Amino acid sequence: MTPDEAVGRLRSGMTIGIGGWGSRRKPMALVRALLRSEVTDLTVISYGGPDVGLLAAAGRIRRLVAAFATLDSIPLEPHFRAARERGAFELTELDEAMFMWGLHAAANRLPFLPVRAGLGSDVMRVNPGLRTIRSPYEDGEELVAVPALRMDAALVHLNRADRTGNGQYLGPDPYFDDLFCEAADTAYISCERLVDTAGLGAAPPQTLLVGRHSVTGVVEAPNGAHFTSCAPDYERDEAFQRLYATTPWAEFAQRFLSGKSEDDYQQAVRTWHEEQS
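Residues numbered from 1 in each chain as written. Predicted model: local features only at pLDDT ≥ 70, side-chain atom pairs only at ≥ 80, totals over all residues. Heavy atoms only, no water.

1. Examining the layout of surface pockets
Rules: Only protein atoms enter the 1 Å grid used here. Points where a 1.4 Å probe fits but cannot escape make up a cavity, open sets with protein on both sides within 12 Å along at least five of seven lines make up a pocket, and a residue lines them when an atom lies within 4 Å of a point. Grid points are joined across faces, edges and corners, and a volume is the space filled by probe spheres set on the points. Note on conventions: DSSP H or I runs of at least 4 residues are helices, E runs of at least 2 residues are strands, and numbering of each starts at the N terminus. For this scheme, ten residues count as nonpolar: Ala, Val, Leu, Ile, Met, Phe, Trp, Tyr, Cys and Pro. Four count as charged, namely Asp, Glu, Lys and Arg, and the remainder, Gly too, count as polar.
Of the voids in this model, the largest pocket is the one considered here, and its volume is about 170 Å³. In terms of lining, the largest pocket is formed by 14 residues, of which the most central are Arg 63, Val 65, Thr 92, Pro 147 and Leu 149. Of all elements in the fold, only strand S2 (42-48) and strand S3 (61-69) reach the threshold of two or more residues within the lining of the largest pocket. Taken together, the residues of the lining of the largest pocket sort by class into 7 nonpolar, 5 polar and 2 charged.

See the structure below:
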């Protein structure tokens, strides 16, 4: 599929999960396609990075479920912060471990999973809807019942994939992209390069992160995680990320996001880099 064909399957009001972590291996080509669409009023579930910042600045988020929103080298995502400070969307802020177990619960079709994370913290205070549950065994321990983070669709970016939906990561961390795909009714993978299935065997088998059974569509999108990192294919574009973080949203969107395709975005970035050199 193309990025726009994948996003064409999404509808306003959906719950969308976005893989990656902070400003690392985010499915940015799919997020940019989402910005070119009319889809809005979204519940977004993400270990947040610029995916959250872009969608928040564009007014597409109704509710955000996140453990954080960071650009890594820039601690707090500035466009997320601005949208949050003006009350642009609802926020459910979870501990990182609670978030992970919410994904596990959804992937395993469970309504919740009991965890210790969150007990004794303000996570329980700022999320009054969270409930605790007591162990039915002799220990009788009280635990947090983390609800399943079920999604209508998941968007993830991987280094390699085949046409049937098997996805491979080659960097240092799988993040939780497999759980996002398994926790969603539909899942769309973008990848740096589409390869034959046999070509996925060139790397260790543990790199085969996402199975075709959980994937709805595959998008070949070279440089599709830009400006986040996609190691070992490329590192984060720090200069461009600084530009994004310090430029007023309307100005940034006009120059880099007003085109009709991902190719237009990539060309605008190349032109900017040429100007800097």
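2. Observations regarding the nonpolar core
Rules: Within this scheme, the nonpolar core is defined by two criteria: the residues are buried Ala, Val, Leu, Ile, Met, Phe, Trp, Tyr or Cys, and they are joined through side-chain atoms within 4.5 Å. Buried, partly exposed and exposed residues are distinguished by accessible area as a fraction of the type maximum, computed with a 1.4 Å probe on protein chains only: under 20%, between the cut-offs, and over 50%, respectively. Residues are treated as being in contact if the distance between any of their heavy atoms lies within 4.5 Å.
With 46 residues, the main nonpolar core has Phe 240 and Phe 256 as its most contacted residues. When residues in this core are grouped by element, the largest group, 7 residues, is from helix H2 (residues 28-36). Among all residues touching Phe 256, those that are not within four sequence positions of it are Phe 240, Leu 243, Tyr 265, Ala 268, Val 269 and Trp 272. In this structure, Phe 99, Val 146, Leu 179 and Ala 183 belong to the second largest nonpolar core, which totals 39 residues.

3. What to know about the sheet that holds strand S6 (residues 131-134)
Selection rule: For two strands to be treated as a pair, DSSP must find at least two bridges joining them. To define axes, lines are fitted to C-alpha atoms, for helices over the stretch in contact only, and angles between the resulting N-to-C directions are given on a 0 to 180 degree scale.
As summarised here, the arrangement of the 3 strands in space is S5-S7-S6, forming an open sheet in which the pairing is antiparallel. Looking along the sheet, the strands with just one partner apiece sit at the ends: strand S5 (112-115) and S6. Sheet twist, expressed as the mean angle between neighbouring strand axes with direction ignored, is 40 degrees. The pairing of S6 with strand S7 (residues 142-147) spans 4 bridges and is classified as antiparallel. Paired with Arg 131 across the bridge in S7 is Ala 145. Along the sheet, helix H5 (residues 96-107) contacts S5 and S7; its crossing angle with S5, the most-contacted strand, is approximately 145 degrees.

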